Amino acid sequence: MSVPAFLEARRSIRAFTGEPVDRATLDALVEAACVAPAPHHSRPWRFVIVDTAAAKQDLATGMGAAWRADLARDGVPAARVDELVDASHRKITGAPALVLGCLTWDGLDRYPDEARQRAEFGMALLSLGAAVENLMVAAPEHGLASCWVAAPIFCPEAARDALSLPAEWLPHAMVVLGHPDPAYVGRVRPTVPLEDLRAFR
Ligand SMILES: Cc1cc2nc3c(=O)[nH]c(=O)nc-3n(C[C@H](O)[C@H](O)[C@H](O)COP(=O)(O)O)c2cc1C
């Protein structure tokens, strides 16, 4: 029983050196993302590369404001809200590059009923996940490490508007990318408890 080495090589790395990531490499990673499977031969994704200080700042500020409002509504104490939002801001502005995975309805089917419309959206979201995984799996070949960051799925409109993206591009996934900090110690990957996670019928 073994997992292919290229799959094992993708780990969530949360610390990077200051070395920038060149745009040709980022383009290569987006190309890798775009060979992922998708429903109806569609590509309901758009990828936004965020590698300028100004755009990182705008994204961190826009998503931070949305998260701050959510946390305040949840009754989280103000000092803790500051702590969480500041840490998130540092994570975004400190990353050498970020890729936002956005969903569009381009190429997807439309249904008159909500149940099938929701299923169609679910298919698109699954395919975005596959595309993001492709991108992250391709990164080590370029000497890069990555980590998926959940934030935009909670505030897609805030992320879109922060970067002045087209109205129909809704960010649902974010990956931070860079050259891995050699001092970063990744979390131990638990073994796969196959007996608990799969069934045969
Ligand atoms: C949809 C999704 C959202 C995630 N969001 C975050 C996040 O916000 N911050 C973070 O540090 N890691 C995040 N991760 C990374 C997971 O923590 C990580 O994949 C998991 O712990 C397994 O570790 P590994 O990727 O090194 O195998 C996310 C992963 C996925 C798939």
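Structure's up top.
The present account deals with the structure reproduced in this document.

Criteria and cut-off values
Residues numbered from 1 in each chain as written. Predicted model: local features only at pLDDT ≥ 70, side-chain atom pairs only at ≥ 80, totals over all residues. Heavy atoms only, no water. Helix = DSSP H or I, 4+ residues; strand = E, 2+ residues; numbered from the N terminus. Expected span 1.5 Å × (residues − 1). Buried < 20%, exposed > 50% of the residue type's maximum accessible area, 1.4 Å probe, protein only. Arc of directions from axis to C-beta. Contact = heavy atoms within 4.5 Å. Near = heavy atom within 4 Å. Polar contact = N/O pair within 3.5 Å; in protein donor to acceptor, adjacent residues only side chain to side chain. Patch = residues over 30% accessible without salt bridge, like charges linked within 9 Å, V, L, I, M, F, W, Y side chains within 5 Å. Areas by Shrake-Rupley, 256 points an atom, 1.4 Å probe, with all protein chains shown as cover. Salt bridge = Lys/Arg side-chain N within 4 Å of Asp/Glu carboxyl O.

1. Thoughts on helix α4 (residues 78-94)
Moving on, step 1. With 17 residues, α4 should cover 24 Å at 1.5 Å per step; its first-to-last C-alpha distance of 24 Å lies within 8% of that length.
Moving on, step 2. Of the positions making up α4, those classed as buried are V81, V85 and I92. For α4, the angular spread of the buried residues around the axis is 20 degrees, confining them to a single face. For α4, the exposed residues lying more than 90 degrees away from the buried face are A79, R90 and G94.
Moving on, step 3. Check the buried side of α4 and you find it contacts α3 (53-73), β2 (97-103) and β4 (170-178).

2. Side note on the site of the ligand
Moving on, step 1. As a structural note, the neighbourhood of the ligand is formed by R10, R11, S12, R14, K91, C147, W148, V149, A150 and R189.
Moving on, step 2. In this structure, R10 approaches the ligand through a side-chain N or O atom, which is 2.9 Å from an oxygen atom.
Moving on, step 3. One of the side-chain nitrogen or oxygen atoms of R14 is found 2.6 Å away from an oxygen atom of the ligand.
Moving on, step 4. Considering each element in turn, the shell around the ligand owes the most residues, 3 residues, to strand β3 (residues 145-149).

3. A word on a nonpolar patch on the surface
Moving on, step 1. Together, V3, F6 and L7 give the surface a local cluster of nonpolar side chains, amounting to about 260 Å² of exposed area.
Moving on, step 2. Tracing the backbone through its elements, the reader meets F6 in helix α1 (residues 5-8).

4. Things to note about the environment of A173
Moving on, step 1. One can find A173 in strand β4.
Moving on, step 2. Given a relative accessible area of 3%, A173 falls into the buried group.
Moving on, step 3. When neighbours within four sequence positions are excluded, A173 is seen to be in contact with V99, L100, G101, L128, V132, W148 and P152.

Honestly, that's just the spatial picture; any functional story needs more than this.
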